[in-house]
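# Analysis of the macromolecular model
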Amino acid sequence: MRLHSLDLNLLVALQALLDERHVTRAGQKIGLSQPAMSDALAKLRRHFGDELLLRHGTQYDLTPLALLLRDRVAESVDSVERTFRIRGDFDPATSDRTFTIIASTNGLAVFIKPLMAQLRDAGPGVRVKVRDLNSSTGALEPALRSADALLAPRGFISGYPALDLYQDDWVCLRAADREVDHGPLTLEELVERPWVVAHDQQRAQNPALRHLAALGLEPRVELLVEDFVCLPLLVAHTDRIAVLPGRLAAWFTGHEGLDISPLPVQVPSLTEALWWHPAHSRDTGHAWFRRLVRSTAQAMAD
């Protein structure tokens, strides 16, 4: 199938139909009449050989193929839109470009906030869209093509251009209102206490977990959660512990019932980096954004 034989306007119609699950509402979303949207749906059904939307009363359900298409269509539309926004020159003072970053909750909490503070002055009309790292790591090649950058620790991926941002030390979070927690954290506690671990740590091969394993120590993981931000809530007033980056842990300093302690073993620091696909390297807008990211990282180090 050749691209020139396809009506790419149908891609926009397909995204609206998959998002709204309703012909009339999908038409209203993209400015098409109900008959025109019905005609677009008919063409899409013929192209895919699938009903895509199945009517149940006044509502529609997506077919299995439509569910499979939903994320791919969203990424395709986003990629096309970003392609046609690129200009030979880039003026941040007048640009309304949106930069998409794939990030974990750790990166979101620690780096995106200071980045946005700089962005407000440097490019007042520029926006940032953050996509969740956990939902984007299935296939990194298309994910990095459809996004502007990935915010992740060194060692998470390789083979792509990257910019080191900042270093972070690992610390331990434990309940401060239990008698056993008085005094320095010990290696025995790390082994004996039940752990709560974020999937982010598992996917990025958390150096703390890896280092303990190298010592022949296997933490007793009791609870797995989606991201780092949940950890303090699941540690406070329990016997559980959690190991997380110190910059994120600092957000919870002074939180009632929590104690932040250095680890009793030497663990390599985490180096957070910004990764991007080589296809973006010569984009003048992307180069400006990378300079802004570098400036934010330097300000954090000062």
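About the thresholds
Residues numbered from 1 in each chain as written. Predicted model: local features only at pLDDT ≥ 70, side-chain atom pairs only at ≥ 80, totals over all residues. Heavy atoms only, no water. Axes fitted to C-alpha atoms, helices over the stretch in contact; angles between N-to-C directions. Helix = DSSP H or I, 4+ residues; strand = E, 2+ residues; numbered from the N terminus. Parallel < 35°, antiparallel > 145°, perpendicular 65-115°, else oblique. Left-handed = near helix turned anticlockwise from the far one by under 90°. Contact = heavy atoms within 4.5 Å. Nonpolar A, V, L, I, M, F, W, Y, C, P; charged D, E, K, R; others polar. Expected span 1.5 Å × (residues − 1). Buried < 20%, exposed > 50% of the residue type's maximum accessible area, 1.4 Å probe, protein only. Pairing = 2+ DSSP bridges. Core = buried A, V, L, I, M, F, W, Y, C linked by side-chain atoms within 4.5 Å. Phe/Tyr/Trp six-rings, centres within 6.5 Å; stacked < 30°, edge-to-face > 60°. Patch = residues over 30% accessible without salt bridge, like charges linked within 9 Å, V, L, I, M, F, W, Y side chains within 5 Å. Areas by Shrake-Rupley, 256 points an atom, 1.4 Å probe, with all protein chains shown as cover. Salt bridge = Lys/Arg side-chain N within 4 Å of Asp/Glu carboxyl O.

The geometry of helix 1 (residues 9-20) relative to helix 2 (residues 23-30) is characterised by a closest axis approach of 8 Å and an angle of 130° between their N-to-C directions. Considered as vectors, helix 1 and helix 2 are oriented oblique to each other. Crossing hand, helix 1 versus helix 2: right-handed. Seen from helix 1, the contacting residues are Val 12, Ala 13, Ala 16, Leu 17, Asp 19 and Glu 20; seen from helix 2, they are Val 23, Arg 25, Ala 26, Lys 29 and Ile 30. Looking at the contact of helix 1 with helix 2 residue by residue, the class counts come to 7 nonpolar, no polar and 4 charged.

What follows deals with helix 1. Helix length check: helix 1, at 12 residues, gives a terminal C-alpha distance of 17 Å against a target of 16 Å (1.5 Å per residue), a fit within 8%. Along helix 1, the positions that sit buried rather than exposed are Leu 10, Ala 13, Leu 14, Ala 16, Leu 17 and Leu 18. Phi turns positive one or two residues past the end of helix 1, at Arg 21, with a value near 55°.

In this section: the sheet that holds strand 5 (residues 149-153). Reading across from one edge, 4-3-5-12-6 is the order of the 5 strands in this open sheet, with mixed pairing throughout. Each of the sheet's edge strands pairs with one partner strand only, and the pair in question is strand 4 (127-132) and strand 6 (162-168). Across the sheet, the mean angle from the axis of one strand to that of its neighbour is 25°, orientation sign disregarded. For strand 5 and strand 12 (residues 270-275), the ladder comprises 4 bridges, and the chain directions are antiparallel. Counterpart to Ala 152 in the pairing with strand 12 is Ala 273.

Phe 111 and Leu 165 are the most contacted members of the largest nonpolar core, which totals 40 residues. Other than its neighbours up to four places away in sequence, Leu 165 contacts Phe 111, Leu 151, Glu 272, Ala 273, Leu 274, Val 293 and Ala 297. Counting 20 residues, the second-largest nonpolar core is a separate cluster that includes Leu 14, Leu 17, Leu 62 and Leu 69.

This model, assessed by the stated rule, comprises 5 aromatic pairs. Relative to Tyr 166, the ring of Phe 111 has its centre 6.2 Å away and its plane inclined at 20°; by these criteria the two rings are stacked. Here Phe 111, found in helix 5 (residues 105-122), pairs with Tyr 166, found in strand 6; they are 55 residues apart in sequence, far enough to count as distant. Each of the two residues, Phe 111 as well as Tyr 166, counts as buried. Put simply, the rings of Phe 90, Phe 99, Trp 288 and Phe 289 pair up and form one aromatic cluster.

Let us now look at a nonpolar patch on the surface. Among the surface-exposed residues, Val 12, Ile 30 and Leu 32 lie close enough to one another that they form a single nonpolar patch of about 200 Å² accessible area. Along the chain, Ile 30 falls in helix 2. Owing to a relative accessible area of 30%, Ile 30 belongs among the partly exposed residues under this scheme.

A word on the pattern of salt bridges. Within this structure, the stated rule accounts for 12 salt bridges. Measuring nitrogen to oxygen at the nearest pair gives 3.7 Å for the salt bridge that ties Arg 25 to Glu 20. What makes Arg 25 partly exposed here is its relative accessible area of 34%. Residue Arg 45 pairs with Glu 51 through a salt bridge whose shortest N-O separation is 3.6 Å. Given a relative accessible area of 41%, Glu 51 falls into the partly exposed group.

Remember that the coordinates give geometry; whether it matters functionally is a separate question.
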